Amino acid sequence: MDIKMNEELKELLADTLNEGLYQIIISNARRKEEAFKVKIRPVMLKKELLFQETVYRGTKVFHENYKGTELAARIENYLLNDFKQCEIEHTIEKATVLSSKKGKITVKRKQHAKTPDAAAFKAAFSMEHNRVKNHLLKEGIAVPFLVDLGVQNADGSIVRSKYDKYKQINRFLEFIQDVLPALPTEREIRIVDFGCGKSYLTFAIYYYLHELMGRDISITGLDLKTDVIEKCNQLSRKYGYEKLRFLTGDIAEYDEIDTVDMVVTLHACDTATDYALNKALKWDTKIILSVPCCQHEVNDQIDCEKLQPLLQYGIIKERMSALITDALRADLLKAEGYDVDLLEFIDMEHTPKNILIRAVKKNKTDVIEMQKERDKITDVTEFLKIETTLQKLLSCKDF
C-alpha cells in the first residue's frame, strides 16, 4: 500500500472515530464467500464510548463492540483484504474510501456546509445501546420536504399518523444505500421514477443522494396526475433542487432520455409495472427498484388442473397469482443479466404490497445461464397456462 494513502486513511479514522460519528458502511466485497457488508455506529456502554460493528454474512448478522483504536485496525484490514468501498458519515464531514485490487487507497473527504445544531444532533444520534432504530432521516432534525408533505412537524418530530410513511421512506433509503457502490461516481447519476405520485420517495432519494451524500444526480418523476405533478414541481423549486423535475406522462410512451442509471417504480398499478421494467431493460439500466401494486393479469389467466384444489379459493388464487407474477418478473430480469433479490419493503401490518424487486445489472453475463433461465420460465408459464405482459414485451424486443 502507498504510505501516503495509508496515512490519509489513518488520519481520517482518527478524525471520525469519536462521538460525532453517525455511521460507517463498508461494502462491495472482493469475494462472494465473504461478508457482503459491515456497518459501524457509536454506542455508549457504562459511560465508555465504543463502536458496534455489525457484520452481514449470508442471512446471518453478527455484532461486536470495539474501542476506537481496535476498530481503526479492523477497518484498515477490511479495505486491504475484503472490501473495495467505505462510506463514513460524521457530524463534521462525510468521506468515501476506495480500495483498488492492488491495495491502493483513495480517500475523498467533504466537510458539511453547516454543522447541525448541537441539541438537535444529541436528540437524533443518542448513543444508548438499546436505542430506537437509527434511521437515515432522523427524528428531531427537520427535513423541508418531510415537513411540507406532512410527515414531520416543524421541530423535526414525526406526525403520529404518518409514522408508517416515515418508516417506509427510511426503509427505502436503506435499499438505495445498499446499491450505492453500483452507481457511477465520475459523472451525473440519472434516475427515473415511474408513477411517482406525491413523490415522498422521489424527494427522499434526491435529498439523501445529493444533500447528504453529495452525489451529482438528476431525477425525473413521471405520473399521470397533472395536479400532483404541479405540486411536486413547486416544492422542488422551493427547495432549490435544480436537477429534480416532474413530468405528466405515460410510462409506455416516455422516451425523453436514452441513458438511465436507476429506474424506480413504486406501486405502479397492474401491468404498468411491466412497462416500467421493460423500459428499464431498453435503457440497459444498472439498477431497478420496483414495488408492484395490484396484479390482475395472472389471476385472470391461470388454469392449472393439478393446482385446482388450491385455486378453488378466490383469496388464495388472488394471492398466489400476485406472488407468481412477481416471481416471474424477477426471473425475467435474471434472464436479462441481472442479479435479483425479492425483499420485504415494510412490515406486513402496514400494507400487503410489501415486496420490493431489486435488480442490479451484472458486469459480466453468461449467455448460457441466461438461456437456462428463459427455458425455466417457459416451462412454468406453460404449466400454469399464463403469459405476462413483461413476457410479451420481451418476446418482441428490438434491443
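The rules we used
Sequence order sets the numbering: in each chain, residues are counted from 1 along the sequence as written. For a predicted model such as this one, the threshold for reporting local features is a pLDDT of at least 70, and the threshold for listing and counting side-chain atom pairs is 80 or more; totals across whole chains, interfaces and linings nevertheless cover every residue. Side-chain metrics rest on all non-hydrogen atoms present in the structure, leaving aside hydrogens and water. For helices the rule is a DSSP run of H or I covering at least 4 residues; for strands it is a run of E covering at least 2, with both sets numbered from the N terminus onward. For the exposure calls, accessible area comes from a 1.4 Å probe over protein chains only, and a residue counts as buried if that area is under 20% of its type's maximum, exposed if over 50%, partly exposed in between. Two residues qualify as a contact provided that any one of their heavy atoms is within 4.5 Å of a heavy atom in the partner residue. The protein chains shown are the only cover counted for residues, whose accessible areas, like all others here, come from Shrake-Rupley with a 1.4 Å probe. Helix axes use the C-alpha atoms of the stretch in contact, all axes being lines fitted to C-alpha atoms, and the angles between their N-to-C directions lie in the range 0 to 180 degrees. Should an angle fall under 35 degrees it is called roughly parallel, over 145 degrees roughly antiparallel, and 65 to 115 degrees roughly perpendicular, with every other angle called oblique. Working rule for handedness: look at the near helix, and if it is turned counterclockwise from the far one by less than a right angle, call the crossing left-handed; if clockwise, right-handed. We call Asp, Glu, Lys and Arg charged. Ala, Val, Leu, Ile, Met, Phe, Trp, Tyr, Cys and Pro are nonpolar, and the rest, Gly among them, are polar. Strand pairing follows a simple DSSP-based rule, namely that at least 2 bridges must link the two strands. Stacked, tilted and edge-to-face are the three classes applied to pairs of Phe, Tyr and Trp rings, where Trp contributes its six-membered ring and a pair requires centres within 6.5 Å; stacked means planes under 30 degrees apart, edge-to-face means over 60, and tilted covers the rest. In this tally Asp and Glu are treated as negative and Lys and Arg as positive; neither His nor the chain ends contributes. When a carboxyl oxygen of Asp or Glu lies within 4 Å of a side-chain nitrogen of Lys or Arg, that pair is called a salt bridge. Residues enter a patch when their relative accessible area is above 30% and they make no salt bridge; the linking distance is 9 Å between like charges and 5 Å between nonpolar side chains (Val, Leu, Ile, Met, Phe, Trp, Tyr).

1. Things to note about the overall build of the protein
- When its secondary structure is counted, the protein shows 13 helices and 14 strands.
- For the protein, buried positions account for 48% of its 399 residues.
- Restricting the contact set of the protein to residue pairs at least 6 apart, pairs at least 24 apart contribute 66%.
- Within the structure as shown, the protein displays about 20500 Å² of accessible surface, and the carbon and sulfur contribution to it stands at 50%.

2. Let's talk about the packing of helix 5 (residues 163–179) against helix 6 (residues 200–212)
- Look at helix 5 against helix 6: their axes get within 10 Å of each other, and the N-to-C directions meet at 50 degrees. Between helix 5 and helix 6, the angle falls in the class oblique. In terms of crossing hand, the pair formed by helix 5 and helix 6 is right-handed. Contacts between helix 5 and helix 6 involve K165, Q168, I169, F172, L173, I176 and Q177 from the former and Y200, L201, A204, I205, Y208 and L209 from the latter.
- For the contact of helix 5 with helix 6, the residue count by class is 10 nonpolar, 2 polar and 1 charged.

3. Side note on the sheet that holds strand 9 (residues 217–223)
- Taken together, 7 strands build an open sheet; the order of strands is 10-9-8-11-12-14-13 and the sheet is mixed. Edge strands, defined here as strands with exactly one partner in the open sheet, are strand 10 (244–248) and strand 13 (338–344). Averaged over all adjacent pairs, the angle separating strand axes in this sheet is 15 degrees, with direction ignored.
- Contacts between helix 11 (residues 314–334) and the sheet are confined to strand 12 (287–291), strand 13 and strand 14 (355–361), with strand 13 contributing the most and set at about 155 degrees to the helix.

4. Here's the deal with the packing of aromatic side chains
- Following the criterion strictly, the structure yields 13 aromatic pairs and no others.
- Aromatic pair F203 and F246: ring centres 5.4 Å apart, planes at 35 degrees, arrangement tilted. Placement of F203 in helix 6 and of F246 in strand 10 is noted, with a sequence separation of 43 residues between them.
- For F246, a relative accessible area of 3% gives the class buried.

5. Describing the side chain of K279
- Inspection of the secondary structure puts K279 in helix 8 (residues 272–282).
- Within the buried core, K279 has no salt-bridge partner, and the shortest N-O distance to an opposite charge, that of D255, equals 6.4 Å.

6. A short note on a nonpolar patch on the surface
- A surface patch of nonpolar side chains, about 370 Å² in accessible area, is lined by L310, Y313, I315 and I316.
- By the secondary structure assignment, I316 is in helix 11.
- Overall, the relative accessible area of 37% leaves I316 in the partly exposed class.

7. Overview of the pattern of salt bridges
- Within this structure, the stated rule accounts for 21 salt bridges.
- Between D326 and R329 there is a salt bridge whose closest N-O contact spans 3.2 Å. With D326 and R329 both in helix 11 and 3 residues apart, the pair spans about one turn of that helix.
- Take R329: its relative accessible area is 2%, and that puts it in the buried class.
- Via salt bridges that share partners, K37, D178, D341 and R358 belong to a single interconnected network.

8. A word on the packing of helix 11 against helix 12 (residues 367–384)
- Interaxial distance between helix 11 and helix 12 falls to 8 Å at its minimum, and their mutual angle equals 155 degrees. Considering their axes alone, helix 11 and helix 12 lie roughly antiparallel with respect to each other. Like other packed secondary-structure pairs, helix 11 and helix 12 cross with a definite hand, here left-handed. Side by side, helix 11 and helix 12 meet where I324, L328, D331, L332 and K334 of the first sit next to M370, E373, I377, T381 and L384 of the second.
- A breakdown of the residues in the contact of helix 11 with helix 12 according to their chemical character gives 6 nonpolar, 1 polar and 3 charged.

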